[in-house]
Amino acid sequence: MIIEAALIGLLCYLGALSSPWLLGLTGGWYLISRPLISGMLVGLILGDIKTGIIIGVAVQAVYIAMVTPGGSMPADLNFVAYPAIALGILSGKGPEVAVALAATIGIAGTILFNAMMVLNSFWNHRADVALEHGDERGIYLNSAIWPQAMNFVLRFVPTFIAVFFGAQYISGFMDSLPQIVLSTMNVLGGILPAVGIAILLKQIIKSYTMLIYFLVGFVCIVFLKLNMVALVIVGALLALIHYNYKPETPQAVASAPVADDEDEF
């Protein structure tokens, strides 16, 4: 597992919020750190792409509405995307348990993220001192090299240790847990994706009456057994009806230009 653990640790670093190598945030934080993408990558590395994608989808639903304004990190999605999903695959206990593991590890990863932000102030201070002395090499080292080296250590090392040693012990550890603990993790893991979807709906829905469209989609999938292609077509039709045939608001009617009767003659 040395190579697999090293690859997952490297991806964890490349997808970190402050890693610049994959087109900055575009290829790192906003692409390979999404659980939907990382689940496939981790599954490919561990030799179980199907399980990786299934777990990635379940974990993505939990964090689908997560935003990080001003660097505020409610949960470290990077640690969720790699060591947590890897341990979820290695545990062999299904996506519900993997989601519960991801939620726990994501909160723990926040501690490391905040520690890195605090330690970065040390390098910023050294860079300021180098600037006062006109030391260009010192500015470069303290603003680019040493912070990235520390970021690599704080991402790669915990991920490598978790995956390498987790591969040996996670399955036996999960089997040793009492059934009530596993049942609790299954229940919580099943609820968390619904919480993520609910947060997303609260952010994007302007009027609660629009929840009917979400319920129509739920009925189409659960009861009518439609596939995603058919659901997209139904959703496009509903969107067309809503935006083209919705009644005009009083403000729009009041602001509409009134035809001048004298212009008609």
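Residues numbered from 1 in each chain as written. Predicted model: local features only at pLDDT ≥ 70, side-chain atom pairs only at ≥ 80, totals over all residues. Heavy atoms only, no water.

Caption draft 1: Quick look at the layout of surface pockets. Its boundaries defined by the atoms lining it, the largest pocket holds a volume of some 720 Å³. Surrounding the largest pocket, 21 residues form its lining, Leu-201, Tyr-213, Phe-214, Gly-217 and Leu-231 being those nearest its centre. Where the lining of the largest pocket is concerned, the elements lending two or more residues are α8 (179-204), α9 (211-222) and α10 (228-245). In this structure, the second largest pocket spans a volume of roughly 190 Å³. Of all the secondary structure elements, the ones that give two or more residues to the lining of the second largest pocket are α6 (95-132) and α8. Per element, the largest residue contribution to the lining of the second largest pocket is 4 residues, and it comes from α8. Classifying every residue of the lining of the second largest pocket gives 11 nonpolar, 1 polar and no charged. (1 Å grid on protein atoms, 1.4 Å probe; cavity = no way out; pocket = protein on both sides within 12 Å on 5 of 7 lines; lining within 4 Å. Points joined across faces, edges and corners; volume = space filled by probe spheres on them. Helix = DSSP H or I, 4+ residues; strand = E, 2+ residues; numbered from the N terminus. Nonpolar A, V, L, I, M, F, W, Y, C, P; charged D, E, K, R; others polar.)

Caption draft 2: Expanded view of the UniProt feature "transmembrane region" (unreviewed entry) in the protein chain. In the UniProt entry, the feature "transmembrane region" (unreviewed entry) is given for residues 6-32, 44-66, 97-119, 152-174, 180-201 and 213-241. Note that residues 97-119 is 100% helix and 0% strand, and that its end C-alpha atoms are spaced 33 Å apart. The straight-line gap between the two end C-alpha atoms of residues 180-201 is 32 Å; of that span, 100% is helix and 0% is strand. (UniProt positions renumbered as here; feature names shortened; annotations may be inferred.)

Caption draft 3: Fine view of the packing of aromatic side chains. Under the counting rule described, the total for this entry stands at 8 aromatic pairs. Aromatic pair Tyr-13 and Phe-152: ring centres 5.2 Å apart, planes at 80 degrees, arrangement edge-to-face. One end of the pair, Tyr-13, is in helix α1 (residues 2-14); the other, Phe-152, is in helix α7 (residues 136-176), and 139 residues separate them in sequence. Measuring from centroid to centroid gives 5.8 Å for Phe-156 and Phe-160, while their planes differ by 20 degrees, and the two rings are stacked. One end of the pair is Phe-156 and the other is Phe-160, both in helix α7 and 4 residues apart, which spans about a single turn. Grouped by ring-pair contacts, the aromatic residues Tyr-13, Phe-152, Phe-156, Phe-160, Phe-164 and Phe-165 constitute a single cluster. Note that Arg-34 overlies the ring of Trp-29, its terminal NZ or CZ placed 5.2 Å from the centroid. (Phe/Tyr/Trp six-rings, centres within 6.5 Å; stacked < 30°, edge-to-face > 60°. Lys NZ or Arg CZ within 6 Å of the ring centre and 35° of its normal.)

Caption draft 4: Broad picture of the nonpolar core. In this structure, Ile-8, Val-42, Val-59, Tyr-63 and Tyr-82 are the most contacted members of the largest nonpolar core, which totals 39 residues. Per-element tally for this core: the top contributor is helix α5 (residues 77-91), with 9 residues. Each residue touching Tyr-82, except ones within four places of it in the same chain, is listed here: Ile-8, Leu-11, Cys-12, Ile-32, Ser-33, Ser-38, Leu-41 and Val-42. (Core = buried A, V, L, I, M, F, W, Y, C linked by side-chain atoms within 4.5 Å. Buried < 20%, exposed > 50% of the residue type's maximum accessible area, 1.4 Å probe, protein only. Contact = heavy atoms within 4.5 Å.)

Caption draft 5: The arrangement of the pattern of salt bridges in detail. Under the definition given, this model contains 1 salt bridge. A salt bridge links Arg-155 to Asp-76; its shortest N-O distance comes to 2.9 Å. Remark: Asp-76 occurs in the loop between α4 (49-62) and α5 and Arg-155 occurs in helix α7; sequence separation between them is 79 residues. For the pair Arg-155 and Asp-76, one class covers both residues: buried. (Salt bridge = Lys/Arg side-chain N within 4 Å of Asp/Glu carboxyl O.)

Caption draft 6: Quick look at the packing of α5 against α6. Taken N-terminus to C-terminus, the directions of α5 and α6 make an angle of 140 degrees; their axes are 9 Å apart at the nearest point. Relative to α6, the element α5 lies oblique. Handedness of the crossing formed by α5 with α6: right-handed. Taken together, the residues of α6 that come into contact with α5 (itself represented by Phe-79, Val-80, Ala-84, Leu-87 and Gly-88) are Ala-98, Leu-101, Ala-102, Ile-105, Gly-106, Gly-109 and Leu-112. Of the residues assigned to the contact of α5 with α6, the class counts are 9 nonpolar, 3 polar and no charged. (Axes fitted to C-alpha atoms, helices over the stretch in contact; angles between N-to-C directions. Parallel < 35°, antiparallel > 145°, perpendicular 65-115°, else oblique. Left-handed = near helix turned anticlockwise from the far one by under 90°.)

Caption draft 7: Just a nonpolar patch on the surface, in detail. On the surface, Leu-10, Phe-152, Val-153, Val-157, Ile-161, Phe-165 and Tyr-169 cluster together into a nonpolar patch covering about 610 Å² of accessible area. It is α7 that contributes the most residues to the nonpolar patch, 6 residues altogether. Positionally, Val-153 belongs in helix α7. Looking at Val-153, the relative accessible area reads 44%, which means it is partly exposed. (Patch = residues over 30% accessible without salt bridge, like charges linked within 9 Å, V, L, I, M, F, W, Y side chains within 5 Å. Areas by Shrake-Rupley, 256 points an atom, 1.4 Å probe, with all protein chains shown as cover.)

Caption draft 8: Structural context of helix α3 (residues 35-46). End to end, α3 covers 15 Å across 12 residues, agreeing with the expected 16 Å (1.5 Å per residue, within 8%). On its buried side, α3 packs onto α1, α2 (28-32), α4 and α5. Two residues or fewer past α3, Gly-47 is found with a positive phi of approximately 80 degrees. (Expected span 1.5 Å × (residues − 1).)

Caption draft 9: Quick look at the side chain of Thr-159. Position of Thr-159 relative to the elements: it lies in helix α7. For Thr-159, the side chain forms a polar contact with the main-chain oxygen of Arg-155, separated by 2.8 Å. Discounting chain neighbours no more than four positions away, the residues touching Thr-159 are Ile-8, Gly-9, Cys-12, Phe-79 and Pro-83. (Polar contact = N/O pair within 3.5 Å; in protein donor to acceptor, adjacent residues only side chain to side chain.)

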